Amino acid sequence: MAEAEESPGDPGTASPRPLMRDLKAVGKKFMHVLYPRKSNTLLRDWDLWGPLILCVTLALMLQRDSADSEKDGGPQFAEVFVIVWFGAVTITLNSKLLGGNISFFQSLCVLGYCILPLTVAMLICRLVLLAGPGPINFMVRLFVVIVMFAWSIVASTAFLADSQPPNRRALAVYPVFLFYFVISWMILTFTPQ
Amino acid sequence: MLQQDSNDDTEDVSLFDAEEETTNRPRKSKIRHPVASFFHLFFRVSAVVVYLLCEFLSSSFIACMVTIILLLSCDFWAVKNVTGRLMVGLRWWNHIDEDGKSHWVFESRKESSQENKTVSEAESRIFWLGLIACPVLWVIFAFSALFSFRIKWLAVVIMGVVLQGANLYGYIRCKVGSRKNLTSMATSYLGKQFLRQNTGDDQTS
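Per an unreviewed UniProt entry, the recorded name for chain B is Golgi apparatus membrane protein TVP23 homolog, and the organism is Aotus nancymaae. For the record of chain B, the UniProt heading Subcellular location (unreviewed entry) holds the text "Membrane". Under the heading Sequence similarities (unreviewed entry), UniProt records this for chain B: "Belongs to the TVP23 family."

In the nomenclature of an unreviewed UniProt entry, chain A corresponds to Protein YIPF from the organism Aotus nancymaae. As its UniProt record puts it under Sequence similarities (unreviewed entry), chain A is described as follows: "Belongs to the YIP1 family."

What follows is about the packing of helix 6 (residues 116-129) of chain A against helix 8 (residues 169-188) of chain A. Residue and element names in this part refer to chain A. Interhelical geometry of helix 6 versus helix 8 gives an angle of 10° and a closest axis separation of 10 Å. Looking at the two axes, helix 6 sits roughly parallel to helix 8. Residues Leu 118, Ala 121, Met 122 and Cys 125 of helix 6 form the contact with helix 8, whose own contacting residues are Tyr 180, Ile 183, Ser 184 and Ile 187.

Right, let's talk about the UniProt feature "transmembrane region" (unreviewed entry) in chain B for a bit. Summarizing the sequence annotation, UniProt attributes the feature "transmembrane region" (unreviewed entry) to residues 35-53, 59-79, 126-147 and 153-172 of chain B in the numbering used throughout. As a span, residues 35-53 of chain B carries 95% helix and 0% strand, and end to end its C-alpha atoms are 26 Å apart.

What follows concerns the pattern of salt bridges. Residues and elements named next belong to chain B. Applying the stated criterion across every chain yields a total of four salt bridges over all chains. Of the charged contacts, one joins Glu 121 and Arg 125 as a salt bridge, the two residues approaching to 2.7 Å between their closest N and O atoms. Linking Glu 121 with Arg 125, this pair stays in helix 5 (residues 121-147), spanning four residues, or about one helical turn.

Residue and element names in this part refer to chain B. Roughly 50° is the biggest bend found in helix 4 (residues 61-88), and it falls at Val 79. When you tally the buried positions in helix 4, you get 22 out of 28 residues, the bulk of the element. After helix 4 finishes, the residue Gly 89 shows a positive phi value of roughly 70°.

Core analysis: the biggest nonpolar cluster contains 83 residues, and Tyr 180 of chain A together with Ile 69 and Trp 138 of chain B have the highest contact counts within it. Per-element accounting of this core gives the leading share, 12 residues, to helix 4 of chain B. The residues contacting Trp 138 of chain B, other than those within four sequence positions of it, are Ala 47, Val 48, Tyr 51, Ile 68, Leu 72, Val 157, Gly 160, Val 161 and Gln 164 of chain B. In this structure, Val 119, Phe 127, Leu 168 and Tyr 171 of chain B belong to the second largest nonpolar core, which totals 15 residues.

Residues and elements named next belong to chain A. The predicted model of chain A has a mean per-residue pLDDT of 83, with 85% of residues at 70 or higher. Within chain A, helix 2 (residues 41-44) has the poorest average pLDDT of any element, 71, and helix 6 the best, 93. Counting interchain partners and residues more than four positions distant, the pLDDT-below-50 stretch residues 9-13 has five contacts.

Turning our eyes to something else, we now look at unusual backbone geometry. Peptide bonds are, in most cases, trans, and in most cases residues other than glycine have a negative phi. For Phe 149 of chain B, which is not glycine, the phi torsion reads 60° and is therefore positive. Assignment of secondary structure puts Phe 149 of chain B in the loop between helix 5 and helix 6 (154-176).

Our next topic: the packing of aromatic side chains. Between two aromatic rings, the relevant description is the distance of the centres plus the angle of the planes. Scanning the model with the defined rule gives 26 aromatic pairs over all chains in all. Relative to Trp 104 of chain B, the ring of Trp 46 of chain A lies with its centre 6.4 Å away and its plane at 70°, an arrangement referred to as edge-to-face. Of this pair, Trp 46 of chain A sits in the loop between helix 2 and helix 3 (49-61) while Trp 104 of chain B sits in strand 2 (residues 102-108), placing the two residues on different chains. Relative accessible area serves as the criterion here: at 35%, Trp 104 of chain B is assigned to the partly exposed category. Each ring, one from Phe 127 of chain B and one from Trp 128 of chain B, has its centre 5.3 Å from the other, and the planes form 85°; the classification is edge-to-face. Across this residue pair, the class does not change: Phe 127 of chain B and Trp 128 of chain B are buried. Chaining the aromatic ring pairs together yields one cluster made of Trp 46, Phe 104 and Phe 105 of chain A together with Trp 92, Trp 104 and Phe 106 of chain B. Sitting above the plane of the Phe 61 of chain B ring, Lys 152 of chain B keeps its charged end 4.5 Å from the centroid.

It is worth spelling out helix 8 of chain A at this point. Taking 1.5 Å per residue, 20 residues should reach 28 Å; helix 8 of chain A reaches 28 Å between its end C-alpha atoms and fits that length. Of the positions making up helix 8 of chain A, those classed as buried are Ala 172, Pro 175, Val 176, Phe 179, Tyr 180, Ile 183, Ser 184, Met 186, Ile 187 and Leu 188 of chain A.

The next subject is the UniProt feature "transmembrane region" (unreviewed entry) in chain A. All names here are of chain A. Under the present numbering, the feature "transmembrane region" (unreviewed entry) in UniProt falls on residues 46-64, 76-98, 110-132, 138-160 and 172-191. Secondary structure across residues 138-160 comprises 100% helix and 0% strand; the distance between its end C-alpha atoms is 32 Å. Split by type, residues 172-191 is 85% helix and 0% strand. Its first and last C-alpha atoms lie 33 Å apart.

Attention now goes to the environment of Gln 164 of chain A. Residue and element names in this part refer to chain A. Residue position: Gln 164 is located in the loop between helix 7 (135-160) and helix 8. Look at Gln 164 and you get buried, because its relative accessible area is 4%. C-alpha of Gln 164 to C-alpha of Asn 101: the two residues are 63 residues apart in sequence and 6.9 Å apart in space. Sequence-distant contacts of Gln 164, defined by excluding residues within four places in its chain, comprise Ser 95, Leu 98, Gly 99, Gly 100, Arg 169 and Ala 172.

Residue and element names in this part refer to chain B. For chain B, per-residue confidence averages 79 on the pLDDT scale, and 77% of positions sit at 70 or higher. Across residues 1-13, confidence stays below pLDDT 50; counting only partners more than four residues off in sequence or on other chains, it has six contacts. Scored as a complex, the prediction yields pTM 0.78 and ipTM 0.82.

About the cut-offs
Residues numbered from 1 in each chain as written. Chains lettered and ligands numbered in written order. Predicted model: local features only at pLDDT ≥ 70, side-chain atom pairs only at ≥ 80, totals over all residues. Heavy atoms only, no water. UniProt positions renumbered as here; feature names shortened; annotations may be inferred. Axes fitted to C-alpha atoms, helices over the stretch in contact; angles between N-to-C directions. Helix = DSSP H or I, 4+ residues; strand = E, 2+ residues; numbered from the N terminus. Parallel < 35°, antiparallel > 145°, perpendicular 65-115°, else oblique. Contact = heavy atoms within 4.5 Å. Salt bridge = Lys/Arg side-chain N within 4 Å of Asp/Glu carboxyl O. Bend = angle between axes of the 7 residues up to and from the residue. Buried < 20%, exposed > 50% of the residue type's maximum accessible area, 1.4 Å probe, protein only. Core = buried A, V, L, I, M, F, W, Y, C linked by side-chain atoms within 4.5 Å. pLDDT = per-residue confidence, 0-100. Phe/Tyr/Trp six-rings, centres within 6.5 Å; stacked < 30°, edge-to-face > 60°. Lys NZ or Arg CZ within 6 Å of the ring centre and 35° of its normal. Expected span 1.5 Å × (residues − 1).

So this is what it looks like as structure tokens:
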């Protein structure tokens, strides 16, 4: 379920699937998100490993260093997970109800992979925050988050927009906009204390 | 009588053995892929163990959660792509064709006459035991987390249910085959059990 597969020739031989092939496929999709161009890679050979890695990374980076060891960031970790996956599922259902011809897992795959620019933004924000708070600090983070947010939107609409009829495109893209906006907001308002 | 019953047990058609004719073939009972068998059980059992012992193993909830997620992911990949094929000769995947339509494909390896391609009974038992027991455990954990209000664990537990349930569902569909209906299979199995019990009772009485 977590990945689509092209069956390698003879269906009678059930040999194990090579791991390197899957790892390379995930890497290739990351490249396609960073340099979005019209291609079918994310859609045809979908897999959900990239979104899982990105979600876990993002959730780990959004942890606050709390002095109290009992509430050590558990709810925030689960919160990020729930927002990302619940949001992606809702957008997919919305897109399907609007009559899009994209399958459930393909849509989850695209939305999940396009979180990559925002994860990079989170990384940059955490590094910038090491320099100490201040207005310049905030302006830099704001600029980075806005750029990466735009990148995510462009990448995901490049893959998703074609699956909708033209008069419904705005209706299908608007929830995507909202989804990445919420994640960008979480990244921008993150403070380590 | 007892001898008869035990013979029936070894030739018993288990729930997941849909092909009747294979019961007459001699089944190997040695384990042909020990590494695959080990890893099939290792990831699943470790995930359950880490979940149960998280308080004692580490004081950090995050570390436990990430470990369990990692183990569940490795287990999903290993069972779907490696152990199912090696141990029982089944595989399932999703195929997107030219029109963008998605199809789910469930395949089972044909029983060939070659010695090294038949399914070993010990491996089959290990496979199905691991495949069925763990999702059931995760469902029990889900209810216990819900009712004892340990809500922060719910995300991980639901992930466990979904990933392991998906493998279970995929492999059951492979075994049953795309033509047979799952409910008719279950009814015929229950009917067989019922019949065997009644005829057994008749013989013993």
